[in-house]
Amino acid sequence: MFLSITDLDVKYKSQEKNVQAVDHVSFYLQENESIGIAGESGCGKSTLGLAIMKTLQDNASVTGKIIFEDKSILYISDSDFTKNFRWKQISMVFQGAMNSLDPVFTIKKQFEEILKKHEFKGDYQQVIESSISAVGLPHSALDKYPHELSGGMKQRVVIALALILKPKMVIADEPTTALDVLVQAQIMVLLKNLKKSGLSIMLISHDLGIISEIAEKIGIMYAGQIVEFGNLSDIYKDPKHPYTIALLNAIPKLNNSERIIPLKGSPPSLINPPSGCRFYDRCPKAMEKCKQTPPQVKTESGFVMCWLHE
Ligand code: SF4
């Protein structure tokens, strides 16, 4: 198995309350597969990515298992992970990362900083130029400052920064948000080409359309849990969880033949989430027994957490 996550919990501790941002999340990925993690803001998608990268804040506690190519990530010491895994095996394009490029340094200097931090021993010039070419930017972009680049160019730079040490997997957190649709399309073409070259991508997005362009697998997250997981084609053709159905119903159709059905209400608080199904208050099919925790029912290619499919 390339990546396997089992019963992953992430809790943020504050002085008075704990927030269970990720709750018993399980899924897996085979070699060369990509996955989309979809859901509303605040459902735990980014926390899941940060947990895999071991870059959570100090007030977060993580339990469960993350196995990446037979190595248990949570048992690897932070120093070993920084030296041998982060950026070399798995890297991340953080949400809004293009805005975090340092305005007082040229793009080239920012590449050099990453190489220095990860104790890269090879030819800096050669590796930087090949990374910038791989994302379709001219070498002249290396001498520019961030404010001299467009939003799309900056996003290509942060993708190149994430790929510079040739990781096997990249976690891309909302990589097209805040870009106009044309630039979004260009970034998606870039990600698809990188995927064709053998990179596994975990694409975190609220946009199911974008996920459908990249992923073979999909996990639908709701209030900290993955409520449906499986092959993307199976889930798009035959969604089982009422939340997945609601998300798909909310996508505008090109031929305008069907009305968009908005999902009313909002997810429960993760400080004290309901003990039963977390979608209960918004679910059109809720039953009395949904007040109990739903079972994880096996489907053809994954699972669904819903009493309707017990
Ligand atoms: Fe709806 Fe019940 Fe299924 Fe939850 S378990 S999604 S409330 S039918």
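Our subject is the structure that appears above.
Just so you know, these numbers come straight off a predicted model, no measurement behind them.

Reading the values: the criteria
Residues numbered from 1 in each chain as written. Predicted model: local features only at pLDDT ≥ 70, side-chain atom pairs only at ≥ 80, totals over all residues. Heavy atoms only, no water. Phe/Tyr/Trp six-rings, centres within 6.5 Å; stacked < 30°, edge-to-face > 60°. Helix = DSSP H or I, 4+ residues; strand = E, 2+ residues; numbered from the N terminus. Buried < 20%, exposed > 50% of the residue type's maximum accessible area, 1.4 Å probe, protein only. 1 Å grid on protein atoms, 1.4 Å probe; cavity = no way out; pocket = protein on both sides within 12 Å on 5 of 7 lines; lining within 4 Å. Points joined across faces, edges and corners; volume = space filled by probe spheres on them. Nonpolar A, V, L, I, M, F, W, Y, C, P; charged D, E, K, R; others polar. Near = heavy atom within 4 Å. Sits in = over half its atoms within 2 Å of the grid points. Disulfide = S-S within 2.5 Å. Pairing = 2+ DSSP bridges. Contact = heavy atoms within 4.5 Å. Axes fitted to C-alpha atoms, helices over the stretch in contact; angles between N-to-C directions.

Caption draft 1: Structural view of the packing of aromatic side chains. Counted under the stated rule, the structure contains 10 aromatic pairs. Relative to F279, the ring of Y222 lies with its centre 5.1 Å away and its plane at 85°, an arrangement referred to as edge-to-face. Note that Y222 is positioned in strand β9 (residues 217-222) and F279 in the loop between α9 (242-249) and β11 (296-298), a separation of 57 residues in sequence. The burial state of Y222 is the same as that of F279; both residues are buried. Ring geometry for Y243 against F279: centres 5.3 Å apart, planes inclined by 65°, an arrangement best described as edge-to-face.

Caption draft 2: Structural context of empty space enclosed by the protein. All told, the structure shown has two cavities of 30 Å³ or more when counted by the stated rule. Approximately 100 Å³ is the volume attributed to the largest cavity. What lines the largest cavity is a set of 14 residues, and nearest its centre among them are C277, C283, C290, C306 and W307. Considered class by class, the residues forming the lining of the largest cavity number 12 nonpolar, one polar and one charged. Estimates place the volume of the second largest cavity at around 40 Å³. What lines the second largest cavity is Y222, Q225, V227, H241, C277, R278, F279, P294 and M305. Tallied by class, the residues present in the lining of the second largest cavity amount to six nonpolar, two polar and one charged.

Caption draft 3: Looking closely at the site of the ligand. With respect to spatial proximity, the complete set of residues near the ligand consists of H241, P242, C277, Y280, C283, K285, A286, C290, C306, W307 and L308. A molecule is said to occupy a pocket when more than half its atoms come within 2 Å of that pocket's grid points, and by this definition the ligand occupies the largest cavity. Considering only residue class, the shell around the ligand consists of nine nonpolar, one polar and one charged.

Caption draft 4: Highlighting the state of the cysteines. Within this structure, the stated rule accounts for zero disulfides. Cysteine C43 remains unbridged, with the sulfur of C277 as its closest cysteine sulfur at 14 Å.

Caption draft 5: Seen up close, the pairing of strand β1 (residues 3-13). Pairing of β1 with strand β2 (residues 18-29) involves eight bridges; the strand directions are antiparallel. Bridging from a neighbouring strand, L3 pairs with L29 of β2. Between β1 and β2, which pair antiparallel one after the other, the connecting turn spans four residues. When β1 meets strand β4 (residues 60-68), the two strands line up antiparallel, connected through eight bridges. From the neighbouring strand, I5 faces β4, where its bridge partner is I66.

Caption draft 6: Structural detail: the environment of M92. Of note, M92 is situated in strand β6 (residues 90-93). Considered as a pair, M92 and I132 are 40 residues apart in the sequence and their alpha carbons are 17 Å apart. Excluding anything up to four places from it in sequence, M92 contacts G49, L50, M53, W87, A162, V170, I171 and D173.

Caption draft 7: Seen up close, the sheet that holds β6. Strand order in the open sheet made by the eight strands is β6-β7-β8-β3-β9-β10-β12-β11, with mixed pairing throughout. The open sheet has two edge strands, β6 and β11, and neither has a second partner. Mean inter-strand twist for the sheet, computed between neighbouring axes without regard to direction, equals 20°. When strand β10 (residues 225-231) meets strand β12 (residues 303-305), the two strands line up antiparallel, connected through two bridges. Across the sheet, F229 pairs through a bridge with F303, a residue of β12. The strands touched by helix α1 (residues 45-52) are β3 (35-38), β6, β7 (169-173), β8 (200-205) and β9; relative to β8, the strand with the most contacts, the crossing angle is about 150°. Across the sheet, α9 lies against β9 and β10, angled at about 105° from β9, the strand it touches most.

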